[in-house]
There are 2 protein chains.
Amino acid sequence: MKPSALQLGVAPPENRGIAVLDFFLRLIAIVGTLASAIAMATTNQTLPFFSQFVRFRAKFNDLPSFTFFVVASSIVSAYLILSLAFSILHIAKANLVNTRVLLLVLDTAAMGLLMAGSAAATAIVQLAHKGNNKVNWFAICQQYNDFCKRVSGSLIGSYAGVVVLILLILLSGVALTRR
Amino acid sequence: MKPSALQLGVAPPENRGIAVLDFFLRLIAIVGTLASAIAMATTNQTLPFFSQFVRFRAKFNDLPSFTFFVVASSIVSAYLILSLAFSILHIAKANLVNTRVLLLVLDTAAMGLLMAGSAAATAIVQLAHKGNNKVNWFAICQQYNDFCKRVSGSLIGSYAGVVVLILLILLSGVALTRR
């Protein structure tokens, strides 16, 4: 039995508009998080000089925080791709409530995970750029310049993802009030 | 004009219960974030040996990520204290909608900020404990043992705060569906 237009009529039209906006915001967040995960995961720089025994090489997984960043961004982009199904469901049936609350909670968790990954990576990038004299941690970006540039750039996509997820949570809240 | 019980009757009784739970969860989050901000801000260790010119001393603001952690936790605990007013308002008038959406958005932002501070500090604490051979950053926790213990401990309160904020966002979502 297909629900008639009359049955769906309880949902005001602006809830469908919110669902469409939700869908496109999710697409933007997927592009941002996926791009930053890939950019970070494929970062690796081999220095042009090497001794007989050691090649100087920097990869993202030399630093645990960068590994965490890649894992967190990948999980969040996988979740966002799966959540598109719910987003399409909300466009079709604008008066669903339980799935909206479910998405609200999962979006919140995804935002927290993505923010944790980004902040941990940012703390290490800052250290790589500036170093810290007080505890004798040296800046490594003079040697590994390309590595640092690429790593810093990949943070942009994930912070964009965090902002979009906050907007999605706001939209869910607004949609829940309009029934 | 005081609204009568009949006028407020549109809000189901469980929404008042949610508002009371919301209030107590906020109290827990305030204790957690405030305690961790204070614990981190007052951390400082002077080593028992010193040369003629240098005293070896570790303070939280030697590391920018710890400073960010203190600022973020302080802002979030200040916000949580202010938000108690809204929480009390929701206990009194259980059918308010706009202030619930406002709190939902602010809670989300607060969660993001607190998570960013905690994750950045965790990345640095991990480095202080383990060091990193690949980039020649040495573990400093052998010397600054008390400093490291205190700093690690203060993270617990703020992660507890993050969990409570996620619960508060969930509660807001549930309260918004029950009107």
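Below is a summary of the structure that appears in this document. The structure presented is a predicted model; accordingly, all values stated were derived computationally and were not measured.

Next up on the list: the side chain of Ser 83 of chain B. Structurally, the position occupied by Ser 83 of chain B is in helix α3 (residues 64-92). Ser 83 of chain B has contacts with Arg 26 and Leu 103 of chain B, leaving out every residue within four places of it along the chain.

Below, the discussion takes up helix α3 (residues 64-92) of chain A. In this model, α3 of chain A (29 residues) spans 43 Å end to end at C-alpha, consistent with the 42 Å of a helix rising 1.5 Å per residue. Ser 83 of chain A marks where α3 of chain A bends most, by close to 25°.

Relating one copy of the chain to the other takes a rotation about an axis and a shift parallel to that axis. Between the two copies, chain B and chain A, the superposition gives an RMSD of 0.0 Å; the rotation angle is 180° and the shift along the axis is 0.0 Å. Such a combination of rotation and displacement between the chain copies is what one expects of a two-fold axis. Using C-alpha coordinates, one finds that chain B approaches the rotation axis most closely at Ala 120 of chain B, a distance of 2.2 Å. Comparing contact sets, 100% of the residues at the interface of chain B also lie at the interface in chain A, consistent with an isologous, same-surface contact.

Turning our eyes to something else, we now look at the packing of aromatic side chains. All names here are of chain A. For the coordinates displayed, the defined rule picks out 7 aromatic pairs over all chains. Judged by centre distance (5.7 Å) and plane angle (85°), the ring pair of Phe 23 and Phe 24 falls under edge-to-face. Residue classification places Phe 23 among the buried residues on the basis of a relative accessible area of 18%. Through successive ring pairs, a cluster of aromatic residues spans Phe 66, Tyr 144 and Phe 147.

Quick look at the packing of helix α4 (residues 98-130) of chain A against helix α4 (residues 98-130) of chain B now. Interhelical geometry of α4 of chain A versus α4 of chain B gives an angle of 40° and a closest axis separation of 7 Å. Looking at the two axes, α4 of chain A sits oblique to α4 of chain B. Our pair here, α4 of chain A against α4 of chain B, has a crossing hand that is right-handed. Contact residues: Leu 104, Thr 108, Met 111, Gly 112, Met 115, Ala 116, Ala 119, Ala 120, Ala 123, Ile 124 and Leu 127 of chain A in α4 of chain A; Leu 104, Thr 108, Met 111, Gly 112, Met 115, Ala 116, Ala 119, Ala 120, Ala 123, Ile 124 and Leu 127 of chain B in α4 of chain B. Among the residues forming the contact of α4 of chain A with α4 of chain B, the class breakdown is 18 nonpolar, 4 polar and no charged.

In this section: the side chain of Thr 99 of chain A. All names here are of chain A. When you line up the elements, Thr 99 lands in helix α4. In this structure the side chain of Thr 99 is engaged in a polar contact, spanning 2.7 Å, whose partner is the side chain of His 90. The residues contacting Thr 99, other than those within four sequence positions of it, are Phe 86, Leu 89 and His 90.

Where empty space is left in the structure can be found by rolling a water-sized probe over the atoms. Residue and element names in this part refer to chain A. Here the structure, examined in full by the defined rule, presents 1 cavity of 30 Å³ or more. Each pocket or cavity is described by its volume, and for the largest cavity that value is around 40 Å³. Every residue lining the largest cavity is listed: Leu 63, Phe 66, Ile 124, Val 125, Ala 128, His 129, Cys 141, Phe 147, Cys 148 and Val 151. Listing elements by their share of the lining of the largest cavity, those giving two or more residues are α4 and α5 (145-177). With 4 residues, α4 is the single largest residue contributor to the lining of the largest cavity. Along the lines of polarity and charge, the residues of the lining of the largest cavity split into 9 nonpolar, 1 polar and no charged.

Quick notes on the rules
Residues numbered from 1 in each chain as written. Chains lettered and ligands numbered in written order. Predicted model: local features only at pLDDT ≥ 70, side-chain atom pairs only at ≥ 80, totals over all residues. Heavy atoms only, no water. Helix = DSSP H or I, 4+ residues; strand = E, 2+ residues; numbered from the N terminus. Contact = heavy atoms within 4.5 Å. Expected span 1.5 Å × (residues − 1). Bend = angle between axes of the 7 residues up to and from the residue. Least-squares fit on C-alpha atoms with pLDDT ≥ 70 in both. Phe/Tyr/Trp six-rings, centres within 6.5 Å; stacked < 30°, edge-to-face > 60°. Buried < 20%, exposed > 50% of the residue type's maximum accessible area, 1.4 Å probe, protein only. Axes fitted to C-alpha atoms, helices over the stretch in contact; angles between N-to-C directions. Parallel < 35°, antiparallel > 145°, perpendicular 65-115°, else oblique. Left-handed = near helix turned anticlockwise from the far one by under 90°. Nonpolar A, V, L, I, M, F, W, Y, C, P; charged D, E, K, R; others polar. Polar contact = N/O pair within 3.5 Å; in protein donor to acceptor, adjacent residues only side chain to side chain. 1 Å grid on protein atoms, 1.4 Å probe; cavity = no way out; pocket = protein on both sides within 12 Å on 5 of 7 lines; lining within 4 Å. Points joined across faces, edges and corners; volume = space filled by probe spheres on them.

The values reported here are purely geometric and, on their own, carry no functional implication.
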